[in-house]
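Chain by chain, the residues run as shown.
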Amino acid sequence: MKNKMPAIQIENLRKVYSSGNEDVLAIQDVSLDIPEGKFVSIVGPSGCGKSTFLHIVGGFIQKTAGTVRIRGKEVEKPGPDRGMMFQESALFPWKNVFDNVAWGLEVQGVPKAKRKEIVEGFLKLVRLWEFRNHLPSQLSGGMRQRVSLARVLAFNPDVLLMDEPFGALDAQTREEMQVELQRIWSESQKSVLFVTHDIEEAVFLSDRVIVFSGRPATITEIIDIKFDRPRDLSLYKSSQFRDYRNHIWDLLHEEHHKPVTSTSEVVNG
Amino acid sequence: MDKKFQKIAAIEIIVVMLLWEGLAYFQLIPTYLSSPTIILAAMWDLIKSGEIISHMGASLYRSMFGFVVVIIIGVGLGILAGYYKKIGNFFDPIINAINPIPKIALLPILMVWFGMTDTTRILIIFLTAFFPTFVATRDGVRSMKQVHLWAAENMGASQLQLLYKVVFPGTLPKIFDGLRVSLGLTFVMMFSSEIIGASNGAGLGFLILNADLVGRTDIMFAAVAFIAVLGFIFDRILLKVRSKLLWWDLNQA
Ligand SMILES: Nc1ncnc2c1ncn2[C@@H]1O[C@H](COP(=O)(O)OP(=O)(O)O)[C@@H](O)[C@H]1O
Ligand SMILES: [Mg+2]
């Protein structure tokens, strides 16, 4: 295990947004390894730079400094080796469920018959095969996120990047989705980098939780979650679960008492 | 348009026509205001003699030629200007400068260059109708959801695939908004572009001007009515095409 190459390797990552005449330091020198096949979550207060972090790993925006490697290969632009699930639904409203899931395969030139086989497999995995002819706008929020997951899995990326995928769902749907995701993940055995601001969601799903500080994002602590799998929702009631949760809660709330380290520079008054 | 609204519109038109007819019948309005029955008779004469075919054909040829060029260039350029910052920056000042000019003011210049020809007429139609489609397309592309573009890139789409499989369909509702305005303008310009060289040509605009010369207000009204009918029919066709292509846009009108 020790000398195996990590799925995602991040070294001294730094991001400064320059908008207008003000520079905003969003991420400050974060280094992080995501081991192959593991489920790793990032929790942090809203606005701390979690989406920014994932967008850089996905290659959608440029980093200011540092390196990001996927299985040893440096990231320069977006590519199908990383499957990204965005915070808001990115399904194409002009395509039905089937065509949305088939889209990546189509642009990559996978033949039609093969495409159908793959799409059918993943739509059945997320239990939405009956809805293949529906439009995204005809589905509930939870169903849309399941389609998004199927779409990402369909083009078989090496790693999954998930940005608060259940953030917009109600509490009960969210718990159902967590169980579903765990089931689907254990079947696919992919490395996952999962972002959330929900502590319990992170503990329930993850092998490891990374706690981010408030902006600029730095790593406060890395916590290994040692629960057997498969996990079910009764885990929420166990004392060990509450210990993890309380510990992370404390870490996030110590944050508020730390002096404000404003590194933003105002260039033009 | 729902059924109830259609009914109200129909009643409205019938009431206005009856009123007009009544006023004309009792000679309460001057004869140059004609009357619905006289106009209908003039329209029928134009149809019976087959004269209307050549006029309509000539006018439609010019305006549809202009409109097709608007679709190709307006949408094509609009997508490029919206998607590529550099192309957009290049076109923005030119567009902003020309957009507020009433394009008909360019007619004398075009006549010097191209004479009293269909080239001049089609150009003036194109210049007028181009802007709404271009601007709607460009702004539509610019207002696209970033995550749609990112998702496509994530799935390995090439630049070309991105443009015609994501940017184009994603912008199509806005494109149709622009096309509808442009189509209306081509019918406005159908008449305006024919006010040059009226004496010996074919076209609904010519028909109006020539009728004016011989004092036939009934024929003038008839030609105007034909333009209105054509404008209405083509607008309906555009809406039909739109609902075919935008079947997925569930909250469209
Ligand atoms: N395009 C941008 N330009 C300037 N600042 C940005 C941009 N995107 C995000 N930010 C800023 O960077 C910080 C981190 O944002 P984000 O990564 O979205 O946080 P999170 O996902 O943790 O809520 C925020 O303060 C936000 O205002
Ligand atoms: Mg975010």
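Calculation criteria
Residues numbered from 1 in each chain as written. Chains lettered and ligands numbered in written order. Predicted model: local features only at pLDDT ≥ 70, side-chain atom pairs only at ≥ 80, totals over all residues. Heavy atoms only, no water. Contact = heavy atoms within 4.5 Å. Buried area = accessible area lost by both parts, 1.4 Å probe. Salt bridge = Lys/Arg side-chain N within 4 Å of Asp/Glu carboxyl O. Polar contact = N/O pair within 3.5 Å; in protein donor to acceptor, adjacent residues only side chain to side chain. Axes fitted to C-alpha atoms, helices over the stretch in contact; angles between N-to-C directions. Helix = DSSP H or I, 4+ residues; strand = E, 2+ residues; numbered from the N terminus. Left-handed = near helix turned anticlockwise from the far one by under 90°. Nonpolar A, V, L, I, M, F, W, Y, C, P; charged D, E, K, R; others polar. Near = heavy atom within 4 Å. Areas by Shrake-Rupley, 256 points an atom, 1.4 Å probe, with all protein chains shown as cover. Donors = N, O, S within 2.8 Å, 3.2 Å for Na, K, Ca; no water. Buried < 20%, exposed > 50% of the residue type's maximum accessible area, 1.4 Å probe, protein only. 1 Å grid on protein atoms, 1.4 Å probe; cavity = no way out; pocket = protein on both sides within 12 Å on 5 of 7 lines; lining within 4 Å. Points joined across faces, edges and corners; volume = space filled by probe spheres on them. Expected span 1.5 Å × (residues − 1). Arc of directions from axis to C-beta. Pairing = 2+ DSSP bridges. Parallel < 35°, antiparallel > 145°, perpendicular 65-115°, else oblique.

### A look at the interface of chain A and chain B
The interface of chain A with chain B comprises 27 residues on the first partner and 20 residues on the second. When the two sides are added together, the surface that chain A and chain B hide from each other amounts to roughly 2,100 Å², 70% of it contributed by carbon and sulfur. Contact with chain B buries area across many residues of chain A, yet W94(A), W103(A) and V107(A) alone supply 32% of it, more than any other trio. Scanning the region where chain A abuts chain B turns up two salt bridges. Between K145(B) and E88(A) there is a salt bridge, and its shortest N-O distance comes to 3.6 Å. Where chain A meets chain B, there are eight residue pairs in polar contact (both at pLDDT 80 or more).

### So, the packing of helix α3 (residues 51-83) of chain B against helix α6 (residues 118-142) of chain B
Residues and elements named next belong to chain B. Relative to each other, α3 and α6 sit at 30°, their axes nearing to 6 Å. Here α3 and α6 pass one another in a crossing that is right-handed. A per-class count over the contact of α3 with α6 returns 17 nonpolar, seven polar and five charged.

### Side note on the site of ligand 1
Residues and elements named next belong to chain A. Within the structure, ligand 1 sits among Y17, S19, S46, G47, C48, G49, K50, S51, T52 and R215. At 2.5 Å, a side-chain N or O of T52 approaches an oxygen atom of ligand 1. Contact with the protein chains covers 64% of the free accessible surface of ligand 1, which is 570 Å². Within the residue set of the shell around ligand 1, elements represented by two or more residues are β1 (8-19) and α1 (50-58). For the shell around ligand 1, the leading source of residues is α1, giving three residues. Among the residues making up the shell around ligand 1, the classes are represented as two nonpolar, six polar and two charged.

### A few points about the coordination of the magnesium ion (ligand 2)
Residue and element names in this part refer to chain A. Distances from the magnesium ion (ligand 2) to its protein donors, S51 (OG) and Q87 (OE1), fall at 2.0 to 2.6 Å. Of this pair, S51 sits in helix α1 while Q87 is found in the loop between β6 (82-85) and α2 (97-107), placing the two residues 36 residues apart along the sequence. Judged by its relative accessible area of 22%, S51 falls in the partly exposed class.

### Some remarks on empty space enclosed by the protein
A water-sized probe rolled over the atoms picks out the places where empty space is left. Residues and elements named next belong to chain A. Tallied over the full model, the rule gives three cavities of 30 Å³ or more. Reported here for the largest cavity is a volume of approximately 110 Å³. M84, M85, A90, S148 and R151 are the residues nearest the centre of the largest cavity, which is lined by 15 residues in total. When residues of the lining of the largest cavity are assigned to their parent elements, the largest contribution, four residues, is made by helix α4 (residues 141-154). Its residues assigned to classes, the lining of the largest cavity comprises nine nonpolar, four polar and two charged. When its volume is computed, the second largest cavity comes out at roughly 50 Å³.

### Things to note about the layout of surface pockets
Residue and element names in this part refer to chain B. There is about 540 Å³ of room inside the largest pocket. Around the largest pocket, the lining is made up of 18 residues, and of these I13, M17, A225, A228 and V229 lie nearest the centre. Of all the secondary-structure elements, those providing two or more residues to the lining of the largest pocket are α1 (3-25), α2 (36-48) and α10 (217-245). Per element, the largest residue contribution to the lining of the largest pocket is seven residues, and it comes from α10. In terms of residue class, the lining of the largest pocket is built from 16 nonpolar, one polar and one charged.

### Details of the pattern of salt bridges
Residue and element names in this part refer to chain A. Going through the model one piece at a time under the given rule, you end up with 28 salt bridges over all chains. Between E11 and R69 there is a salt bridge whose closest N-O contact spans 3.9 Å. One end of the pair, E11, is in strand β1; the other, R69, is in strand β4 (residues 65-70), and 58 residues separate them in sequence. Residue E164 is joined to K50 by a salt bridge in which the shortest nitrogen-to-oxygen separation is 3.9 Å. You can see E164 sitting in the loop between β7 (159-163) and α5 (171-188) and its partner K50 sitting in helix α1, a full 114 residues away along the chain. For the residue pair E164 and K50, the accessibility class agrees, reading buried in each case.

### Brief notes about helix α7 (residues 239-254) of chain A
All names here are of chain A. End to end, α7 covers 22 Å across 16 residues, agreeing with the expected 22 Å (1.5 Å per residue, within 8%). Within α7 the residues assigned to the buried category are F241, Y244, I248, L251 and L252. Buried residues of α7, seen end-on, are gathered within an arc of 95° and therefore sit on one face of the element. Taken together, the buried residues of α7 touch β3 (39-43), α6 (199-205), β9 (208-212) and β10 (219-224).

### Some points on the pairing of β9(A)
Along a regular strand, successive side chains alternate from one face of the sheet to the other. All names here are of chain A. Across the five residues that make up β9, a large majority, four, are buried. One ladder, built from four bridges, connects β3 with β9; its direction is parallel. Within β9, the residue paired with I42 across the bridge is I210. Across five bridges, the pairing between β9 and β10 is antiparallel.

### Re the packing of α1(B) against α2(B)
Residues and elements named next belong to chain B. Across the interface, α1 lies against α2 with an axial gap of 8 Å and an inter-helix angle of 100°. Comparing their axes, α2 and α1 come out roughly perpendicular. Packed against α1, whose contacting residues are M17, W20 and E21, the element α2 presents P36, T37 and I39 at the interface. Grouping the constituent residues of the contact of α1 with α2 by class yields four nonpolar, one polar and one charged.

### Thoughts on unusual backbone geometry
Residues and elements named next belong to chain A. Cis geometry marks the peptide bond from R215 to P216; its omega dihedral reads -5°. Tracing the backbone through its elements, the reader meets P216 in the loop between β9 and β10. Geometrically, the link from R229 to P230 is a cis peptide bond, its omega value of -5° lying close to zero. Mapped onto the elements of the fold, P230 is located in the loop between β10 and α7. Of note in this structure, D29 is not a glycine but carries a positive phi near 45°. Residue D29 is classed as partly exposed on the basis of its relative accessible area of 43%.

Note that all results are geometric; they support no functional claim without further evidence.
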